[in-house]
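Next come the chains, spelled out residue by residue.
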Amino acid sequence: MPKDGGIGASPKRREDVRFLTGNGKYTDDINMVGQTFAAFARSDVANGRIKSIDTSAAEAMPGVLAVFTGEDFVEVGGNPAGWLINSRDGEPMKEPKRPVLAHGKVRHVGDAYAAVIAETAEQARDAVEALDADIEELPAVVDMAAALAGSELVHDEIETNQCFDWGWIEDNREATDAAIKAAPHVTTLELVNNRLVANPMEPRSSSAVYDASSDSYTLYTTSQNPHLTRLLISAFVLGIPENKLTVIAPDVGGGFGSKIYHYGEEALVLAAAKKIGRPVRWTSTRSEAFLTDCHGRDHVTKIELACEKDGTFIAFRTETMANVGAYLSNFSTATPTFLHGTLMAGNYTVPNVYVNVKAVFTNTVPVDAYRGAGRPEATYSIERVIDMAARELGMDPLEIRRKNFVKPDQYPFASAAGLEYDTGNYDALVDRLEEIIDRPGFAARRAASEAKGKLRGFGVNAYIEACGIAPSNLVGILGSRVGLYDAATVRVNATGNLSVMVGAHSHGQGHETVFPQVVAEMLGIDASSVDIVHGDTSKIPFGMGTYGSRSLAVGGSAVVRATEKIINKARKIAAHMLEASEADIELKDGQFSVAGTDKSVSFGEVALKAYIPHEFPLEDIEPGLEETAFYDPANFTYPSGAYACEVEVDPETGKVTVERFAAVDDFGNVINPMIVSGQVQGGLGQGIGQALLENSTYDENGQLLSASYMDYAMPRAADVPFFEVDHSCVTPCTHNPLGVKGCGEAGAIGSPPTVVNAVVDALQSGGHNVTHLDMPVSPGRVWAAMQG
């Protein structure tokens with residue numbers, strides 16, 4: 001058993017003490033002397049030409065200090081996409097400028113075209129109402145197919161609504177086409193991966209301070225990766241030197257991807273703070289969040305599965321239209337391509353895969369990574385078409401998957417979609433799943449449901465995902481504009497306690513608990529003596545933040561490497577103190593000892609000696625005990641899982657109830673089982689929300705019809721069952737020092753197809769010839785399908 005607080009233990013999350021007692025400190029909690037407030041004027045049309053903006057009445061309003069329009073930012077840069085994608089013919093993607101404030105045109109409802117700075121938030125909002133904007137409404141581009149075929153443009157300067165037409169892997173195209181043409185059986189499915197709003201509990205907020213005496217700026221903001229925000233503002237948008245800009249992300253109340261990106265509001269408050277010489281603060285309303293936070297998903301896909309009559313997979317081929325919205329967000333070009341297309345082989349030995357993705361500009365809110373980011377879209381397509389093929393072939397849904405799984409003796413396995421899976425055991429996951437779900441008892445449970453007038457269905461899913469995007473040299477070739485390493489600094493104080501500065505940012509993941517467990521295990525000390533510092537670019541090393549289930553695999557590995565350097569130096573100091581050879585020094589349970597003797601010194605004594613180097617041979621040992629490490633992974637990590645659920649469908653209303661849900665995942669070595677279980681359960685809740693409830697819908701004029709919680713259905717406690725979560729199947733990652741794999745997005749990846757598969761099974765059990773339903777499988781959709 002692990003010692004309390006070390007690897008494998010489940011100590012309570014230390015950060016929860018301040019959250020549960022109301023002592024968390026979020027951006028909106030930060031009040032500064034002399035602070036002012038920003039409010040934004042946002043477009044109420046989806047596509048419009050800005051003819052004029054009269055600011056005079058607003059400028060004359062009480063308390064107004066400044067008014068900004070797009071004209072004030074014409075000379076500064078735009079917010080860039082983080083990945084450069086080439087089309088199949090080699091043509092670079094179209095990348096129109098994303099301005100701080102709209103200039104010339106507004107391109108979606110909610111697009112900010114002006115901002116007011118005032119003494120109070122109320123005065124700023126009142127002054128926004130006084131702005132006189134003459135905006136000529138133009139026809140909205142909403143439907144992706146119409147956007148590709150029509151003449152109305154989102155961005156006139158690029159002369160098309162297509163951002164790129166991407167093929168992966170282009171060399172596989174002819175072989176895949178030929179394999180499908182010759183296949184004994186082909187299953188074809190057209191489906192929609194519904195658009196979602198991230199809805200973190202805390203809305204976005206930014207506050208900026210300018211110090212004229214040093215010509216320096218500080219930005220407090222709700223960011224998942226403050227160093228990247230600083231880099232984008234410095235290098236691309238405002239041109240503020242990095243050494244003059246500090247970005248601080250304090251406690252952040254959830255992100256789910258929507259707070260990875262740089263938004264124009266951050267640049268605006270910085271520019272405004274300098275202009276008026278006072279701090280400027282802005283906090284989004286929930287209505288603004290619906291209209292401005294990046295949305296997720298929104299794919300329309302046709303997928304074909306070719307197989308033998310016995311169910312052996314021959315090929316997958318997909319054609320997808322991916323909505324990127326009105327502007328390219330920072331990860332929006334990577335999400336439907338390399339985070340999606342490379343997973344289109346799934347857990348399977350299928351020899352042929354070809355993926356085509358057309359990214360489309362529309363007059364809607366920009367679309368970017370949302371929990372899972374491309375992997376849920378891939379998994380949903382694969383796992384739905386497999387279930388359909390199993391029905392067409394008369395095969396058991398688990399049997400057809402088992403037949404095609406990569407087997408343990410095939411690793412490392414080169415998938416037909418271009419990835420190399422290092423380890424896994426998918427059959428073991430299904431074995432464990434079947435132990436948990438009591439499948440033999442399903443017939444009796446179905447009969448009991450039918451006795452109540454309900455239909456009962458059973459659905460399964462097997463997924464694999466790629467986490468911790470890496471390595472930098474590969475992603476650079478694929479188009480990434482940044483490296484994808486992470487960094488950590490371990491500082492041992494003279495009294496033996498530690499401060500660990502990490503590039504990863506914690507906004508619900510439990511870093512302040514888990515990272516100390518790793519350091520404590522390595523040093524043999526109590527985890528309570530280790531503190532984590534994150535979120536402040538003036539204190540932490542340059543890291544790439546938290547997203548894509550990378551924190552432990554990448555950031556945690558950097559912590560390990562820095563701690564190894566600490567141990568090596570501490571061993572050298574201990575050898576000096578014990579008058580022994582460094583090779584003879586052993587570290588165990590916080591004690592450095594000379595092998596084969598009873599001579600030892602504690603870690604705390606070594607730490608103190610590091611800062612009182614009276615007798616050090618300074619040519620061999622520097623004073624101090626602090627080390628930094630950067631870690632760039634050799635590969636992705638590949639968590640995988642097998643999920644099953646049972647649903648009841650009420651034939652009279654179409655209402656779907658998830659009665660049972662089991663999730664079996666392989667996350668490699670698990671550092672804190674409690675936190676891992678919590679991450680899975682949260683992902684399952686979001687995935688079930690997508691499957692049953694959530695849908696972001698626009699009308700033909702580009703008006704968001706689901707722009708509040710009155711119209712956008714979020715999952716509640718009553719909508720989800722008690723989950724059975726298991727992560728006892730372990731195949732450690734082979735290329736990071738902890739042997740860990742990502743866990744934060746798994747539940748959101750595996751649950752949507754599991755639920756939809758179960759709903760289709762329930763309807764077919766009732767004699768309804770329904771082969772597919774698009775998400776969300778709402779009561780209205782289910783009832784309509786049952787009526788034919």
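Fair warning: this is a prediction, and the values are worked out from it, not measured in the lab. (Residues numbered from 1 in each chain as written. Predicted model: local features only at pLDDT ≥ 70, side-chain atom pairs only at ≥ 80, totals over all residues. Heavy atoms only, no water.)

Caption draft 1: Spotlight on the overall build of the protein. Across its full length, the protein holds 19 helices and 30 strands. With 788 residues in all, the protein has 61% of them scored as buried. Residue pairs at least 24 apart in sequence account for 80% of intrachain contacts in the protein once pairs closer than 6 positions are excluded. With an accessible surface of roughly 28,100 Å², the protein has 50% of that area assigned to carbon and sulfur atoms. Positive and negative side-chain charges in the protein, numbering 65 and 103 respectively, have mean positions lying 2 Å apart. (Helix = DSSP H or I, 4+ residues; strand = E, 2+ residues; numbered from the N terminus. Buried < 20%, exposed > 50% of the residue type's maximum accessible area, 1.4 Å probe, protein only. Contact = heavy atoms within 4.5 Å. Areas by Shrake-Rupley, 256 points an atom, 1.4 Å probe, with all protein chains shown as cover. Lys, Arg positive; Asp, Glu negative; His and termini not counted. Charge placed at Lys NZ, Arg CZ, Asp CG, Glu CD.)

Caption draft 2: The arrangement of the pattern of salt bridges in detail. Applying the stated criterion across every chain yields a total of 50 salt bridges. Put simply, Glu119 and Arg278 hold a salt bridge, and the shortest N to O gap is 2.8 Å. Taken as a pair, Glu119 in the loop between strand S5 (112-118) and helix H3 (121-130) and Arg278 in the loop between helix H7 (264-276) and strand S13 (280-283) lie far apart in primary sequence, 159 residues in all. If you follow the salt bridges from partner to partner, you end up with Asp396, Arg402, Lys407, Asp427, Asp431, Glu434 and Arg439 in one network. (Salt bridge = Lys/Arg side-chain N within 4 Å of Asp/Glu carboxyl O.)

Caption draft 3: Focus on a nonpolar patch on the surface. On the surface, a nonpolar cluster with roughly 240 Å² of combined accessible area is contributed by Leu608, Tyr611 and Ile612. Mapped onto the elements, Tyr611 comes out in helix H16 (residues 603-611). Residue Tyr611 is classed as partly exposed on the basis of its relative accessible area of 35%. (Patch = residues over 30% accessible without salt bridge, like charges linked within 9 Å, V, L, I, M, F, W, Y side chains within 5 Å.)

Caption draft 4: Representation of the packing of aromatic side chains in the model. Summed over all chains, the structure comprises 26 aromatic pairs. Plain terms: the ring middles of Phe331 and Tyr547 are 5.1 Å apart, the flat faces sit at 70° to each other, and that makes the pair edge-to-face. Residue Phe331 is found in the loop between strand S16 (313-325) and strand S17 (352-361), and its partner Tyr547 is found in the loop between strand S23 (530-533) and helix H15 (551-578); the two are separated by 216 residues along the sequence. As far as the burial class goes, Phe331 and Tyr547 line up, both buried. Pairing Tyr411 with Tyr426 gives two aromatic rings, centres 6.3 Å apart and planes at 80°, and the pair type is edge-to-face. (Phe/Tyr/Trp six-rings, centres within 6.5 Å; stacked < 30°, edge-to-face > 60°.)

Caption draft 5: Layout of the sheet that holds strand S2 (residues 48-54). As summarised here, the arrangement of the 3 strands in space is S4-S2-S6, forming an open sheet in which the pairing is antiparallel. Each end of this open sheet is capped by a strand with a single partner; those strands are strand S4 (105-106) and strand S6 (132-137). Across 6 bridges, S2 lies against S6 in antiparallel orientation. Counterpart to Ile50 in the pairing with S6 is Ile135. (Pairing = 2+ DSSP bridges.)

Caption draft 6: Local environment of the state of the cysteines. In the structure shown here, the tally under the stated rule is 0 disulfides. The cysteine Cys729 is free of any disulfide, with Cys743 supplying the nearest cysteine sulfur at 16 Å. Classification of Cys729 as buried rests on a relative accessible area of 16%. (Disulfide = S-S within 2.5 Å.)

Caption draft 7: Region of interest: the environment of Pro408. With respect to the helices and strands, Pro408 occurs in the loop between helix H10 (397-404) and strand S18 (413-414). When its relative accessible area of 44% is taken as the criterion, Pro408 is described as partly exposed. Through-space distance from the C-alpha of Pro408 to that of Val500 is 37 Å; in sequence the pair is 92 residues apart.

Caption draft 8: Inspection of the nonpolar core at higher detail. Membership of the largest hydrophobic core comes to 125 residues, with the highest contact counts inside it found for Phe316 and Phe661. Beyond its immediate chain neighbours, meaning those up to four positions away, Phe661 contacts Tyr643, Ala644, Cys645, Leu684, Ile688, Pro721, Phe722, Phe723, Glu724, Ser751, Thr754 and Val755. Core analysis: the next-biggest nonpolar cluster, separate from the first, contains 48 residues, Val519, Ile567, Ala607 and Ala610 among them. (Core = buried A, V, L, I, M, F, W, Y, C linked by side-chain atoms within 4.5 Å.)

Caption draft 9: H10, seen in detail. Regarding H10, the residues found buried are Pro397, Leu398, Ile400, Arg401 and Asn404. The buried residues of H10 occupy one face: seen down the axis, they fall within an arc of 165°. Of the surrounding elements, those touching the buried residues of H10 are S16, helix H9 (375-393), helix H11 (426-437), strand S20 (455-464) and helix H18 (746-765). Capping the start of H10 is the job of one residue whose side-chain oxygen sits 2.9 Å from the backbone nitrogen of Leu398: Asp396. (Arc of directions from axis to C-beta. Polar contact = N/O pair within 3.5 Å; in protein donor to acceptor, adjacent residues only side chain to side chain.)

Without other data, these values stay purely geometric and don't point to any function.
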